[in-house]
Amino acid sequence: MGKAVYRSDVALIGAGIMSATLGTFLTELAPYKSITIFEKQPDIGLENTNGWNNSGTGHSAFCELNYTPENIDGSIDVGTALNINKKFQLSLEMWAYLIEQGRISSPEDFIHRLPHISFVKGEKNVHFLKQRFSTLLKEPAFTNMLYSEDPTTLAEWMPLIMSKQDTSEPIAATYVPNGTDVNFGALSRKLFDYLQQEGVELKLNHKVKDIQKIVGGWRISITNAKGQDITHFCKFLFIGCGGGSLPLLQKTGIPESKHLASFPMSSLFMVCHNPEIIAQHHAKVYGRSNTNTSQISVPHLDTRFIDGKKYLFFGPFSGFTMKFLKSGSIFDLAKSLNPHNFVEVHWAGIKNLPLAHYLIKQTFLTKEQRMNELRHFIPQAKSEDWDIVTAGNQVQIIKNTPNEKAKRCFGAEPIISEDGSIATLLGSSFGASASVAEVLNILSKCFSDEFSQWQEKLNEMLPSQANLFTNRAELENYYIKINNILKL
């Protein structure tokens, strides 16, 4: 079987939400560019983009308490929350534009309106939540947030949680009615359908083996499901493989790939299969982590909509793993180690011994021990009503920063070559919700010569980013329009 050779202006590795979003932007802004997408799996979005592999919040910082840390002086730092909220609004804006233009349809297939609630117990946590509420209420995006310590009000907001809740200790909650649930897998399938209609080539069952820099672009070595070797040349390359992006980035040999390492964690959720219980809960309820070893270990009880059906998830339960992807190899972590990142891995291992110990303990929890965690939210929960589901792996990036050596980074980390010919997003957490903002950042740096020419079109697609509104009322009316388009 001979080796096949192909070319395109742009190549995207990975058929998840990030590649879907970048491909959509380039199709809208530069339809003259040819695009090819390679995915090693047999279908679209089977890793963290899949609805069963992520918590699907549509992260907007309404309820996620780890986005608003408490400062030493007791004040609340809301900078991260405001940034995440702004990024998610851009995503809503982009999706509404695509629907309005007929690029995709039926938003109810991937997004639903759902209240976002923060719920805490204990005097210290109640004080924290009240301070958080007072601080966020001053921000325009959070003006409809409500706060209560009254059990009757809390029962109206979350009846399942409050039906058997012990109210002898202080409890409190904040409530935001305009939260969402997002199925990024369903959204990605719609975006890839649109891209293929516009001539974008999607190559499933194509595994990238090597990436080499050449004059004017990149040479990608690929093997397909039939065992055929393929060489693909492109001018611009994006690696959008989630947790699997770092090993491919390391193959490029670019200076920006040095001194980076990954910290993978497995993830489990409890999923309710009792329709009567599912019907009693209609919200996303986030608690406050009882450990400071892992920023992602924030318990939440989530209503989810997957393929038209309502589910109830509780978790996550993080664990120890050496795989970068759910479908990955136990040798992923070992293969990512090299002389360029050995020091970073060594320091990260020393600094994160408590986290490693915590993850190992989490890995070996029994179902009943996990149920006891759930009973902090639902005291009456019965083991027979819940199943354990393995979710996607979360990979945090370890890198050196000006203030800290071998820092474990929270969130998505863009890595872009000096010449702008290759880019990737490393990390996890709110990345999918911020996909539009992250892709805009990549476009501005990798296509700087053309980006200024795209401004008029970008202003049409994302008017809020261009600050085209003269007052707050105009902006609020625009957001009402977005909600109507998205059927929220």
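Note that the coordinates shown come from a computational prediction; the quantities given were computed from them, not determined experimentally.

Observations regarding the overall build of the protein
When you go through the protein residue by residue, the secondary structure sums to 16 helices and 20 strands. A compact globule built from 488 residues would reach a C-alpha radius of gyration of about 23 Å, and the protein, at 23 Å, matches this within 12%. For the protein, the C-alpha atoms occupy an extent of roughly 70 × 50 × 45 Å along the three principal directions. Across the 488 residues of the protein, 55% fall into the buried class. The contacts of the protein with a sequence gap of at least 6 include a subset with a gap of at least 24, amounting to 72%. As displayed, the protein has an accessible area near 20,800 Å², and 52% of this comes from carbon and sulfur atoms.

Description of the packing of helix α1 (residues 17-29) against helix α2 (residues 79-100)
Helix packing for two helices is described by the angle between their axes and how far apart those axes are. Running from N to C, α1 and α2 cross one another at 55°; their axes reach a closest spacing of 13 Å. By the criterion of interaxial angle, the relationship of α1 to α2 is oblique. For the element pair α1 and α2, the recorded crossing hand is left-handed. Counting all contacts with α1, which are made through Thr-24, Phe-25 and Glu-28, the residues of α2 involved are Met-94, Tyr-97 and Leu-98. Residues that form the contact of α1 with α2 fall into these classes: four nonpolar, one polar and one charged.

Topic: the packing of aromatic side chains
This structure, assessed with the given rule, holds 16 aromatic pairs. For the pair Phe-447 and Trp-454, a centre-to-centre distance of 5.8 Å together with 45° between the ring planes defines the contact as tilted. Aromatic side chains Tyr-478 and Tyr-479 sit 6.0 Å apart centroid to centroid with 40° between the ring planes, which places their arrangement in the tilted category. Grouped by ring-pair contacts, the aromatic residues Trp-52, Phe-269, Tyr-311 and Phe-313 constitute a single cluster. The cationic tip of Arg-304 hangs over the ring face of Phe-313; the distance from NZ or CZ to the ring centre is 5.7 Å.

With respect to the packing of α2 against helix α13 (residues 435-446)
α13 packs onto α2 with a crossing angle of 90° between their chain directions and a minimal axis gap of 6 Å. Of the possible angle classes, the one that applies to α2 and α13 is roughly perpendicular. Across from Lys-87, Leu-90, Ser-91 and Met-94 in α2, the residues of α13 making contact are Ser-435, Val-436, Ala-437, Glu-438 and Leu-440. In terms of residue class, the contact of α2 with α13 is made up of five nonpolar, two polar and two charged.

Section: the side chain of Glu-93
Examined against the element boundaries, Glu-93 turns out to sit in helix α2. This buried residue, Glu-93, is left without a salt bridge; Lys-481 holds the nearest opposite charge, at 9.6 Å.

Points about α13
Here α13 spans 16 Å end to end across twelve residues, near enough to the 16 Å set by a 1.5 Å rise per residue. Summarising burial for α13: nine of the twelve residues are buried, a large majority. Of all the positions in α13, only Ser-435, Val-436, Ala-437, Glu-438, Val-439, Leu-440, Ile-442, Leu-443 and Cys-446 are classed as buried.

Quick notes on the nonpolar core
Core analysis: the largest hydrophobic core is formed by 60 residues, its most contacted members being Phe-25, Met-94, Trp-95, Phe-236, Phe-238, Leu-443 and Trp-454. With nine residues, the single largest contributor to this core is α2. Apart from residues lying up to four places away in sequence, Trp-95 is in contact with Phe-88, Ile-104, Phe-110, Ile-111, Val-182, Phe-184, Leu-187 and Leu-486.

With respect to the environment of Ala-434
Among the structural elements, Ala-434 can be located in the loop between β20 (422-427) and α13. Through-space distance from the C-alpha of Ala-434 to that of Gln-89 is 8.7 Å; in sequence the pair is 345 residues apart.

About the thresholds
- Residues numbered from 1 in each chain as written.
- Predicted model: local features only at pLDDT ≥ 70, side-chain atom pairs only at ≥ 80, totals over all residues.
- Heavy atoms only, no water.
- Helix = DSSP H or I, 4+ residues; strand = E, 2+ residues; numbered from the N terminus.
- Rg over C-alpha atoms; globule rule 2.2 N^0.38 Å.
- Buried < 20%, exposed > 50% of the residue type's maximum accessible area, 1.4 Å probe, protein only.
- Contact = heavy atoms within 4.5 Å.
- Areas by Shrake-Rupley, 256 points an atom, 1.4 Å probe, with all protein chains shown as cover.
- Axes fitted to C-alpha atoms, helices over the stretch in contact; angles between N-to-C directions.
- Parallel < 35°, antiparallel > 145°, perpendicular 65-115°, else oblique.
- Left-handed = near helix turned anticlockwise from the far one by under 90°.
- Nonpolar A, V, L, I, M, F, W, Y, C, P; charged D, E, K, R; others polar.
- Phe/Tyr/Trp six-rings, centres within 6.5 Å; stacked < 30°, edge-to-face > 60°.
- Lys NZ or Arg CZ within 6 Å of the ring centre and 35° of its normal.
- Lys, Arg positive; Asp, Glu negative; His and termini not counted.
- Salt bridge = Lys/Arg side-chain N within 4 Å of Asp/Glu carboxyl O.
- Expected span 1.5 Å × (residues − 1).
- Core = buried A, V, L, I, M, F, W, Y, C linked by side-chain atoms within 4.5 Å.

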